Amino acid sequence: MADLALDILSWVLLLTGGIFGVMGGLGLVRFPDFYTRLHAAGVTDTLCALLIILGLIIQAGLSILTVKLALILLFLMFTAPTASHALARSALVDGVAPRVEKSDATDAD
Amino acid sequence: MDTVLVMTTMLVFITMMLALIRALKGPTIYDRILAVNVFGTKTVLVVALISLLKGHSDLVDVALVYALINFIAIVAVLKLVKMGNLGDAGEGDITDG
């Protein structure tokens, strides 16, 4: 019974992670501007990796495999935001302009 | 269990395909680097999924090393694009601004 509950939990985590990955990929293709694409890819990348590797950790049970998967998760949690930050900052310094919608009513300046 | 792992792998493959589309289309160089970054992260996940799917627990080491190399490669390529040279530092560097 407990095994079945853990299995179902890991299935839910794995599939949710996969679906979040596809959503990030769709955002990467369809969003209009570099910074929105960075948002879609950078945010879902971290969440997708987190959910999928947590699901795999539950599947793997308690062994050396679990430690290695947890290390992968740790490295991804550090490196993915760092890479996103470096990309955003270098694009901004390099003059890739953000796309701004002018709202005509409120912002008078 | 195997069915769910295969379905997740397929979903990650779809994401990799979408990232490749952006890498080919990307108007700026940063779009391409971003797409390659996503592709590399998803490669790590696919290698980890395949290692549990086939029961080859050695493959997890490959995923671990790939996660590190992917990050180093992204930062190095970014620096090469920004500075034109891996050795230079200073004005306009990737940590500048």
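Rules used throughout
Residues numbered from 1 in each chain as written. Chains lettered and ligands numbered in written order. Predicted model: local features only at pLDDT ≥ 70, side-chain atom pairs only at ≥ 80, totals over all residues. Helix = DSSP H or I, 4+ residues; strand = E, 2+ residues; numbered from the N terminus. Rg over C-alpha atoms; globule rule 2.2 N^0.38 Å. Buried ≥ 20, exposed ≤ 12 C-beta atoms within 10 Å, placed from the backbone. Contact = placed C-beta atoms within 7 Å. pLDDT = per-residue confidence, 0-100. Core = buried A, V, L, I, M, F, W, Y, C linked by C-beta atoms within 7 Å. Axes fitted to C-alpha atoms, helices over the stretch in contact; angles between N-to-C directions. Parallel < 35°, antiparallel > 145°, perpendicular 65-115°, else oblique. Nonpolar A, V, L, I, M, F, W, Y, C, P; charged D, E, K, R; others polar.

1. Notes on the overall build of chain B
Here is step 1: Broken down by element type, chain B carries 3 helices and 0 strands.
Here is step 2: Written out in order from the N terminus, the α and β elements of chain B read α-α-α.
Here is step 3: What you see for chain B is a C-alpha radius of gyration of 16 Å, clearly larger than the 13 Å of a compact globule of 97 residues, by over 25%.
Here is step 4: Overall size of chain B, expressed as C-alpha extent along the three principal axes, is 55 × 30 × 20 Å.

2. Topic: the overall build of chain A
Here is step 1: What chain A contains, in helices and strands, is 3 helices and 0 strands.
Here is step 2: Going from N to C terminus, chain A has its helices and strands arranged as α-α-α.
Here is step 3: A globule of 109 residues ought to have a C-alpha radius of gyration of about 13 Å, yet chain A, at 19 Å, is considerably larger.
Here is step 4: Each principal axis of the C-alpha distribution contributes one length, and for chain A these read about 65 × 25 × 25 Å.
Here is step 5: Looking at chain A residue by residue over its 109 residues, the buried ones come to 36%.
Here is step 6: Intrachain contacts of chain A at a sequence separation of at least 6 include 63% that bridge at least 24 residues.

3. Some details on the confidence of the model for chain B
Here is step 1: Per-residue confidence for chain B gives a mean pLDDT of 87, with 93% of residues at or over 70.
Here is step 2: Reported for the predicted complex are a pTM of 0.88 and an ipTM of 0.86.

4. Observations concerning the nonpolar core
Here is step 1: If you look at the biggest cluster of nonpolar residues, it comprises 48 residues, and the most contacted ones within it are A:Leu56, A:Leu87 and B:Ala48.
Here is step 2: The element contributing the most residues to this core is helix α2 (residues 34–60) of chain A, with 12 residues.
Here is step 3: Setting aside residues up to four positions removed in sequence, A:Leu56 forms contacts with A:Leu69, B:Ala48, B:Leu49 and B:Leu52.

5. Remarks on the packing of α2(A) against helix α3 (residues 64–93) of chain A
The relative placement of two packed helices comes down to the angle between their axes together with the axis-to-axis distance.
Residues and elements named next belong to chain A.
Here is step 1: Where α2 meets α3, the axes come as close as 9 Å, and the angle between the chain directions of the two elements is 175°. Classified by the interaxial angle, the pair formed by α2 and α3 is roughly antiparallel.
Here is step 2: Class assignment of the residues belonging to the contact of α2 with α3 gives a composition of 21 nonpolar, 4 polar and 1 charged.

6. Observations regarding the interface of chain A and chain B
Interfaces are often sized by the amount of accessible area the parts lose when they come together.
Here is step 1: Each side of the interface is counted separately: chain A has 44 residues, and chain B has 43 residues.
Here is step 2: Those elements that place two or more of their residues in the side of chain A that touches chain B are α1 (2–30), α2 and α3 of chain A.
Here is step 3: Ranked by residues supplied to the side of chain A that touches chain B, first place goes to α3(A) with 17 residues.
Here is step 4: In terms of residue class, the side of chain A that touches chain B is made up of 30 nonpolar, 8 polar and 6 charged.

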